[in-house]
Every structure is written in structure tokens, then in C-alpha cells.
Amino acid sequence: MCSSAKACISAADAAFQWQGRVDAFVHSAGIFPSASLSDTTDEMWSDCMRVHADAFFYLSRHLAPNMVKNGGGSLLAIASNYGMVGASDAAAYAASKAACIALCKSMALEY
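Not measured: the values here are computed from a predicted model.

A. Layout of the overall build of the protein. In terms of regular secondary structure, the protein is built from four helices and two strands. Starting at the N terminus and ending at the C terminus, the protein contains elements arranged as α-β-α-β-α-α. Taking the principal axes of the C-alpha coordinates as reference, the protein spans close to 45 × 25 × 15 Å. A buried classification covers 31% of the 111 residues belonging to the protein. Sequence separation of at least 24 residues holds for 70% of the intrachain contacts in the protein that already meet a minimum separation of 6. In the structure as shown, the protein presents an accessible area of about 6500 Å², 55% of it carried by carbon and sulfur atoms. Of note, the protein has its 7 positive side-chain charges centred 12 Å away from the centre of its 9 negative side-chain charges.

B. A look at the environment of Asp42. Mapped onto the fold, Asp42 is located in helix α2 (residues 42-69). For the pair Asp42 and Ala92, spaced 50 residues apart in sequence, the C-alpha to C-alpha distance is 9.6 Å.

C. Layout of the nonpolar core. One finds Phe25, Leu59 and Leu63 to be the most contacted residues of the largest nonpolar core, which totals 14 residues. Of all elements in the fold, only α1 (5-19), α2 and α4 (91-110) reach the threshold of two or more residues within this core. The element best represented in this core is α2, accounting for five residues. Residues in contact with Phe25, not counting those within four places in the same chain, are Phe56, Leu59, Ser60, Leu63, Met67, Ser74, Leu75 and Leu76.

D. Spotlight on a nonpolar patch on the surface. On the surface, Val26, Leu76 and Ile78 cluster together into a nonpolar patch covering about 250 Å² of accessible area. Here Leu76 falls in the partly exposed class, since its relative accessible area comes to 42%.

Scoring rules and cut-offs
Residues numbered from 1 in each chain as written. Predicted model: local features only at pLDDT ≥ 70, side-chain atom pairs only at ≥ 80, totals over all residues. Heavy atoms only, no water. Helix = DSSP H or I, 4+ residues; strand = E, 2+ residues; numbered from the N terminus. Buried < 20%, exposed > 50% of the residue type's maximum accessible area, 1.4 Å probe, protein only. Contact = heavy atoms within 4.5 Å. Areas by Shrake-Rupley, 256 points an atom, 1.4 Å probe, with all protein chains shown as cover. Lys, Arg positive; Asp, Glu negative; His and termini not counted. Charge placed at Lys NZ, Arg CZ, Asp CG, Glu CD. Core = buried A, V, L, I, M, F, W, Y, C linked by side-chain atoms within 4.5 Å. Patch = residues over 30% accessible without salt bridge, like charges linked within 9 Å, V, L, I, M, F, W, Y side chains within 5 Å. Salt bridge = Lys/Arg side-chain N within 4 Å of Asp/Glu carboxyl O.

Set out below in C-alpha cells:
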């Protein structure tokens, strides 16, 4: 799983080299650190944001222009109802999934 911009670009470039183009990307990686807000560590928060939001952002940002250049494509993030309504003992997870939902909506309007 890539979670830094550099690692995500390398992963996307490997797909381009392998297939010559990318027409669809499904971001389905996920982690679920169950903890109350007061017990959520900085690491839990950062890990959720890196896996769910950052990786999707970095990969989409790199893939989208190439998809447009090749006539279109699909970018999809597997989110969660928690990203819309929240949940007890899931602040980091819910917030990171909400970020994916908002990113998808913004990309849909942009592209």
C-alpha cells in the first residue's frame, strides 16, 4: 500500500508501464483502529489518514490527467457509512472515510 506521494507515483507508473494506460482505479485498502476519541493515538489517526485519504489523493492526482488524456476513466474509493454519519470508537476511521467521500465529490465536479 502506498501512502506517500512518491510511493503512489511509483505504483501508478508501474501500472502505466505494465499496461500502457490505466482506465480504472479502485481504492479499497482499509484499516480500522477501534478506539475512543481519547484513546486514539496520533499514530492511529495518521495511519488512517495515510491509508484512506492520502493514498487515494496521491494516486488519483497522478492517474486522472492520464485518464483524461486517454479519453476518460474511473476513480473509485471504497468508503463507509461511517464517513457520512460517524460512529463511536471510530473517529479516525470515520474522518478518513469522510475525506474520501469529499474528495470523490470534488473530483466528480472537477472532471
